[in-house]
Structures are given as structure tokens and as C-alpha cells.
Amino acid sequence: MGFTVVPQFVVYVVVLVILLPQIASLFRKSIASSVLFILLLSLFAIAFIYGPQHAYSKIKLARILLYGLLCFWTFLIYNREKNIDPQKIAFIFAIVGVTYIVMGVTVYNFGKPSSFFDFTYFGRHVQKFADSFAISYHSVGLAALYGTVFLLSPKEDKQVLNSSSIILLILLIYIALISQMRQGILGIIVLMFVRYGLLIKRKGLVYKLLVFIAIAAILSFALTGVKTAAGQSIADSSNFEQAVNRSYDRGLSIMYEYPFFGVGLGGYSLDGKVTYPHNIFLEIIDELGFVGLFMVLFLSFYAMWCNRFSLKALNANGTFALLFLLAVFIRVNASGDLTENIYFFALLFSIDKNPLNKSLTSYC
């Protein structure tokens with residue numbers, strides 16, 4: 001554990017120190033959001049006090065605090081920065097996804113796929129080389145998912161519906177299919193339809209029809225690849241738990257036994273090893289109880305009310321804030337624990353008012 005955890009904390013602290021000059025200014029401009037997010041982190045600290053306080057819970061609290069603050073301040077900077085080009089970020093994510101795949105094929109000798117549409121070979125070899133391969137299929141799938149977020153985020157039609165953007169979108173979908181990460185594939189499909197609704201509300205019938213045909217064509221390509229490991233396992237499943245490849249029995253039993261305050265931060269783990277229910281809200285209920293869940297939701301909705309959050313809220317660079325939040329929401333309800341998924345709340349609390357939302361004024 002020391003070889004992986006300690007370097008992470010060093011990186012967190014170094015980046016936070018680098019951001020300190022901007023943090024003071026951001027705090028003054030976003031006092032309500034900052035205070036509310038700190039109160040949210042305090043809830044997890046309180047849950048740690050009455051929790052088991054074993055190795056996992058200690059690491060969990062430290063990461064929630066440091067990683068949570070790092071994400072919150074970083075998202076605040078992104079949301080307020082006018083000169084960030086989201087489509088360049090999408091291109092970087094595409095390069096990252098391709099790099100991961102090339103590493104598997106060349107460095108770890110995964111071999112060659114049987115065809116261009118062989119979407120199972122990468123996942124098979126990742127499992128085979130799980131002990132030595134430093135990159136999981138999740139890494140590849142998330143690169144595709146978040147690349148799609150930034151690619152589709154610009155408000156202007158011409159930035160999204162052009163030849164280069166469509167080609168990049170097809171590449172990102174292809175990367176997601178190679179990863180066979182269900183949440184990544186589902187997230188991209190959901191993002192495309194949500195973006196379709198955001199873009200064409202005031203457009204003519206012909207325009208709507210052309211965009212819908214383009215989306216349908218891309219999705220038909222995607223569905224061709226889903227008929228492999230991820231798609232077949234979903235088709236063969238008889239219930240929700242099998243479809244998402246998760247068991248919620250322990251999480252539900254804890255919820256029934258400790259409904260009010262839960263078992264404390266990290267209490268889902270019995271032996272101090274990393275284990276969690278793979279759903280952020282079930283994890284909160286298990287470890288903070290329904291009282292804790294109520295407080296988390298209250299602070300979250302109050303932050304949204306303070307900042308006049310809306311489905312069409314824009315970041316300073318003219319991108320829809322909803323798409324990033326939606327992608328992260330899908331992610332945190334399918335995988336990971338609070339040490340990683342705290343970035344969902346960091347993003348939610350950081351969607352602040354900005355001059356592009358001229359009709360929105362803060363209540364706080």
C-alpha cells in the first residue's frame with residue numbers, strides 16, 4: 001500500500017500548493033460554494049470518528065479531503081477560465097485512450113485482434129495480464145467517455161457538427177467499444193441524446209432530422225460492437241445486479257441493520273482492505289446512514305440553489321456544464337468508492353454562476 005498511496009498524497013499536496021495563489025481569489029469569488037463543500041467534507045470526517053478507523057478508513061478520509069479539495073479548486077478554475085478549448089482536451093483524451101491500447105499490444109504483447117471489429121481481444125488480455133499490466137479497461141473506457149464529454153460540450157452547433165468533430169467522436173466510440181466498459185459505452189450514448197436535445201430546440205425540422213440521422217448512424221456503428229462481451233453479458237443477465245456485474249447484498253444488509261447513521265466511514269470493509277458497494281449513494285447510506293444521506297443531499301441542492309444551477313448552465317468558455325456532470329454521475333453509480341467519486345460532488349459544487357449566464361443571479 002505504501003508504494004501506491006504515499007506518492008498519490010505527495011502529488012495531491014504539491015498540486016494544492018501550486019494552486020494556492022488562485023485558491024484565495026477563487027474562495028472570495030465563490031464563498032458559498034467553498035463553505036458548503038467544506039461542510040460536506042466535514043460530514044465524512046464526522047463519520048470517520050464513529051467508524052472502525054482501520055487502515056482503509058484512514059486512507060479513505062485522507063483521500064476524500066485532499067483529492068476532494070484538489071478536484072473542487074481545479075473544477076472551479078476550469079469553470080471560470082474563458083480560454084480553455086474543450087475540443088483540444090477531447091483530442092488529448094483520444095490520444096490517451098489510443099496510447100493505452102498501443103501499450104497493451106506492443107509492450108505487453110497482447111497480440112493482434114482478429115479483425116477491425118474485434119472488440120473483445122483487449123479485455124481478454126487485460127484480464128490475463130492483470131498482475132503486470134498497469135492499465136485497466138476502465139482507464140481506456142474513461143478516456144473515451146471524458147473525451148466525448150469535452151467534444152460535445154461547446155454550445156455552438158458549428159463546433160460540434162463539423163467533419164473533424166464527427167471523426168473524433170467515431171474514434172472515441174471505437175475506443176470505448178475496445179475497452180468494453182459498460183458505463184463508458186452507456187455514458188456516450190446518453191451524452192449524445194442529451195446533447196441532441198440541448199442543441200436543436202430552436203432549429204428547423206430538416207436540421208433536426210439530419211442531426212438525428214447522424215446520431216443514429218454513429219449509434220448503429222456502436223451497437224455493432226456492443227454485441228460482444230459487454231453487450232452479450234447484459235443480454236444474458238436475468239436481473240439488474242447481473243446486468244451491471246455488481247452484488248448489492250452486503251450493502252443492502254448494512255442499510256437495513258444501520259439505517260440512521262450507518263457504520264462509519266470505511267465501515268463497509270470488515271478487515272481494513274479496500275472494498276465498497278460500487279454505488280456512491282449506497283455507500284453513503286451504508287457509512288453515513290440516511291441521516292448522512294439527507295445532509296449530503298441538502299448541502300448539494302443548497303449549493304445548486306445558491307448558484308442557480310440549470311440544465312443549460314454554461315461554463316465561462318461557453319460549454320454546457322450538464323454534460324460533464326452527467327458523465328460523472330453515470331460513473332459514480334457504477335464503480336469506484338468515495339475516495340475517487342468525491343469528484344462528483346466537487347464538480348457539482350463548482351458549477352458556479354458566470355457572466356455567460358446573464359439571467360442567473362446567486363441567492364447566496
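Since the model is a prediction, treat every value here as computed from it, not as a measurement.

What follows covers the overall build of the protein. The secondary structure content of the protein amounts to 16 helices and zero strands. Taken across its 364 residues, the protein has 50% of its residues classed as buried. By sequence separation, contacts in the protein at least 24 residues apart represent 77% of the contacts at least 6 residues apart. Surface summary for the protein: the accessible area is close to 17,600 Å², and the carbon and sulfur share equals 69%.

One way to put it is that helix α4 (residues 86-106) packs onto helix α8 (residues 163-179) with a least axis distance of 10 Å and a crossing angle of 35°. For the pair α4 and α8, the crossing hand works out as left-handed. Note on element contacts: α8 touches α4 through S165, L168, L171, L172, I175 and I178, opposite Q87, A90, F91, A94, G97, V98 and I101. Partitioned by chemical class, the residues of the contact of α4 with α8 number 10 nonpolar, three polar and no charged.

With that settled, consider the environment of L61. For L61, the position within the fold is in helix α3 (residues 55-80). Separated by 278 residues in the primary sequence, L61 and T339 place their C-alpha atoms 7.5 Å from one another. Beyond its immediate sequence surroundings of up to four residues, L61 is in contact with F44, A45, F48 and L265.

Before going further, it helps to examine the confidence of the model for the protein. Put simply, the protein has an average pLDDT of 80, and 78% of its residues get 70 or more. Note on residues 234-244: pLDDT is under 50 here. Beyond four places in sequence and across chains, it has 13 contacts. Note that pLDDT drops below 50 for residues 358-362; the model gives that stretch six contacts with residues more than four away or on any other chain.

Summarising the element assignment, S300 is placed in helix α14 (residues 280-306). Polar side-chain contacts of S300 include one of 2.8 Å to the backbone oxygen of V296.

Take the pattern of salt bridges next. Tallied over the entire structure, the rule returns three salt bridges. Notably, a salt bridge pairs E283 with K60, separated by 2.5 Å at the nearest N-O pair. Linking E283 in helix α14 with K60 in helix α3, this pair joins segments that are 223 residues apart in sequence. With respect to class, E283 is no different from K60; both count as buried. Across the pair E340 and R331 runs a salt bridge, and its minimum N-O distance is 2.7 Å. One network of salt bridges, with partners in common, ties together K60, E283 and E287.

With that settled, consider the packing of aromatic side chains. For the structure shown, the criterion picks out 15 aromatic pairs. Summarising the aromatic geometry, the rings of F281 and F329 are spaced 6.2 Å apart at their centres and angled 55° between planes, so their arrangement reads as tilted. Of this pair, F281 sits in helix α14 while F329 sits in helix α15 (residues 321-332), and the two are 48 residues apart along the sequence. Plain terms: the ring middles of F298 and Y302 are 6.0 Å apart, the flat faces sit at 5° to each other, and that makes the pair stacked. Highlighted residues: F298 and Y302, both in helix α14, separated by four residues, approximately one helical turn. Taking relative accessible area as the criterion, F298 reaches 44% and is therefore assigned partly exposed. Each residue in the set F75, Y78, F93, Y146, F150 and F324 is aromatic and connected to the rest through ring pairs, giving one cluster.

Criteria and thresholds
- Residues numbered from 1 in each chain as written.
- Predicted model: local features only at pLDDT ≥ 70, side-chain atom pairs only at ≥ 80, totals over all residues.
- Heavy atoms only, no water.
- Helix = DSSP H or I, 4+ residues; strand = E, 2+ residues; numbered from the N terminus.
- Buried < 20%, exposed > 50% of the residue type's maximum accessible area, 1.4 Å probe, protein only.
- Contact = heavy atoms within 4.5 Å.
- Areas by Shrake-Rupley, 256 points an atom, 1.4 Å probe, with all protein chains shown as cover.
- Axes fitted to C-alpha atoms, helices over the stretch in contact; angles between N-to-C directions.
- Left-handed = near helix turned anticlockwise from the far one by under 90°.
- Nonpolar A, V, L, I, M, F, W, Y, C, P; charged D, E, K, R; others polar.
- pLDDT = per-residue confidence, 0-100.
- Polar contact = N/O pair within 3.5 Å; in protein donor to acceptor, adjacent residues only side chain to side chain.
- Salt bridge = Lys/Arg side-chain N within 4 Å of Asp/Glu carboxyl O.
- Phe/Tyr/Trp six-rings, centres within 6.5 Å; stacked < 30°, edge-to-face > 60°.

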